[in-house]
Amino acid sequence: MEPAALREEGVREVEEIVRRQDAWRLTRTINLIASENALSRRARALLGSDFNHRYAEGHPGARYYQGTEHIDAIEAKCREAIKEIFECRQAEIRTISGTNANDVVWCALAGHGAKVVANALPAGGHISHQPLGGLGKFTTDILHWPRLEDGFRVDVAKAKDLIVRERPKVVLFGRSLILFREPVAELAPVAREIGASVIYDGAHVLGLIGGKAFQDPLAEGAHVLMGSTHKTFPGPQRGVLLSNLDDEQWKKIDRVAFPGSLSNHHLMTLPPLLVTAYEFLAFGRDYARQVVANAKHLGRSLHQAGFAVAAADLGYTETHQVAVDVSAFGGGAPSSERLKNNDIICNRNQLPKDPPKKVGNPSGLRLGTQEMTRFGMKERDMADIARFVRRVLKEAKYVGDDVVAFRRRYQSVHYSFDNEAASPDEAPEPETE
Ligand code: DSN
């Protein structure tokens, strides 16, 4: 075979792998990974646009390149739509991921050697809040919030003492395993009193915050709320920073974002973000309410099926997540693998009782309901999912075919305008300019 033909075969292989991924993860699986979601068809259709090829550094109307008129229009509208959803004064929408947004905050508001209070890994803290993650590039002086006995919630009385005693520069809320609200309203006044910045990493719960189904960190006293746009907020993979700081105070964040941390900002994902923001303005509250209702029902159904669901005495969850202790089934690693072999996708996760270094095979599974909610599932479907999990983990049955048949009923993205337009195959010829 000629070398060029060999390479073309490689291209066909790439296309086939992507086709298999779409067919499997998008249409056949029960996806319970708590940090993922699915774009609507209309948002996804815009991902392959010419914006993928272009640069647009700076702000709309103040770029360093010519030819940016169309992205300027999209970016300006997107910023306004995001501000409308979160009812805030400032929005930095150029960051390309949640961790990128976090880095901007570490640099702008913490700085080198700052003392920070954050959540520990076994309490659900994100890797970027740890000495070995992004924050560790700036400081290793990271204290952990004291916890209540359940391990998931901050002990407010002890936390107040900690802030007064240690006088941190930054207090940081938010986690990757987040079942309950963070005590922002209780602790922000204490932190502000000593001049600390109050930061909330809402990567996971951004869609619940925007949908008014969870706490509102900015209204409760946080200076900055960061988030990923692709977890409970069901958009493309990007990051945002939101705030009510005045324009003068916000300048620091703006300058660290660009040129401090970004050059271009992956323009092809902005039109899908704007479409998702419009979907969210229309349907976000119903969606967020259903996500939380589904998570509570999934927790209850798993508990009734005999699983050691975390925080059962606290109502399991106030978010999209449910945590299950699967030590009895060999731990999180083999349990998540067995579920995956049955087309139920989730991830292993540390639980508060785990030692910090137990990451390979921690005790828990973390399950999220946001993506399946977006595909139209309701409480009764959560009971079916709990039954599938029981048959796999407790009865060692193969249920993959049943899972695929079940999932076949949920193929379109709800809480979107997908039904309002022709499918791409039927779309009219593009207009010429
Ligand atoms: N690692 C992601 C999560 O699953 O929580 C967040 O970055």
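Description of the structure in this document. Quick caveat: nothing in here was measured; it's all calculated off a predicted structure.

Side note on a nonpolar patch on the surface
A surface patch of nonpolar side chains, about 360 Å² in accessible area, is lined by Tyr55, Tyr64 and Tyr65. Tracing the backbone shows Tyr65 in the loop between strand 3 (62–63) and helix 3 (69–86). You can call Tyr65 partly exposed: its relative accessible area is 36%.

Side note on the sheet that holds strand 9 (residues 224–228)
As summarised here, the arrangement of the seven strands in space is 4-10-9-8-7-5-6, forming an open sheet in which the pairing is mixed. The sheet is open, and its two edges are formed by strand 4 (90–92) and strand 6 (142–144), each paired on a single side. On average, each strand axis in the sheet is tilted by 20° relative to the strand beside it, whichever way the strands run. Bridging between strand 8 (residues 197–201) and strand 9 involves three bridges; their strand directions are parallel. Among the inter-strand pairings, Tyr200 is bridged to a residue of strand 9, identified as Leu225. Of the strands in this sheet, strand 7 (170–173) and strand 8 are in contact with helix 6 (residues 184–193), which crosses strand 8 at around 150°.

Side note on the packing of aromatic side chains
This model, assessed by the stated rule, comprises eleven aromatic pairs. With centroids separated by 5.5 Å and ring planes inclined at 40°, the aromatic side chains of Tyr55 and Tyr65 adopt a geometry described as tilted. A residue pair is termed long-range when its members are at least 10 positions apart, and Tyr55 in the loop between helix 2 (41–44) and strand 2 (58–59) and Tyr65 in the loop between strand 3 and helix 3 qualify at ten residues. Members of the aromatic cluster, connected to one another through ring pairs, are Phe86, Phe233, Phe280, Tyr287 and Tyr415. Taking the ring centre of Phe307 as reference, the NZ or CZ of Lys394 above it sits at 5.3 Å.

Things to note about the nonpolar core
Within the largest apolar cluster, 52 residues are counted, with the highest numbers of intra-cluster contacts made by Ile82, Phe86, Trp145, Tyr200 and Leu242. When residues of this core are assigned to their parent elements, the largest contribution, nine residues, is made by helix 10 (residues 270–304). Dropping the residues within four chain positions of it, Phe86 is found in contact with Leu206, Ile209, Gly210, Phe233 and Leu242. Within the second largest apolar cluster, 33 residues are counted, among which are Val326, Ala386, Val403 and Val413.

What counts and what doesn't
- Residues numbered from 1 in each chain as written.
- Predicted model: local features only at pLDDT ≥ 70, side-chain atom pairs only at ≥ 80, totals over all residues.
- Heavy atoms only, no water.
- Patch = residues over 30% accessible without salt bridge, like charges linked within 9 Å, V, L, I, M, F, W, Y side chains within 5 Å.
- Areas by Shrake-Rupley, 256 points an atom, 1.4 Å probe, with all protein chains shown as cover.
- Salt bridge = Lys/Arg side-chain N within 4 Å of Asp/Glu carboxyl O.
- Helix = DSSP H or I, 4+ residues; strand = E, 2+ residues; numbered from the N terminus.
- Buried < 20%, exposed > 50% of the residue type's maximum accessible area, 1.4 Å probe, protein only.
- Pairing = 2+ DSSP bridges.
- Axes fitted to C-alpha atoms, helices over the stretch in contact; angles between N-to-C directions.
- Contact = heavy atoms within 4.5 Å.
- Phe/Tyr/Trp six-rings, centres within 6.5 Å; stacked < 30°, edge-to-face > 60°.
- Lys NZ or Arg CZ within 6 Å of the ring centre and 35° of its normal.
- Core = buried A, V, L, I, M, F, W, Y, C linked by side-chain atoms within 4.5 Å.

It is worth stressing that arrangement in space is one thing and function is another; only the former is reported here.
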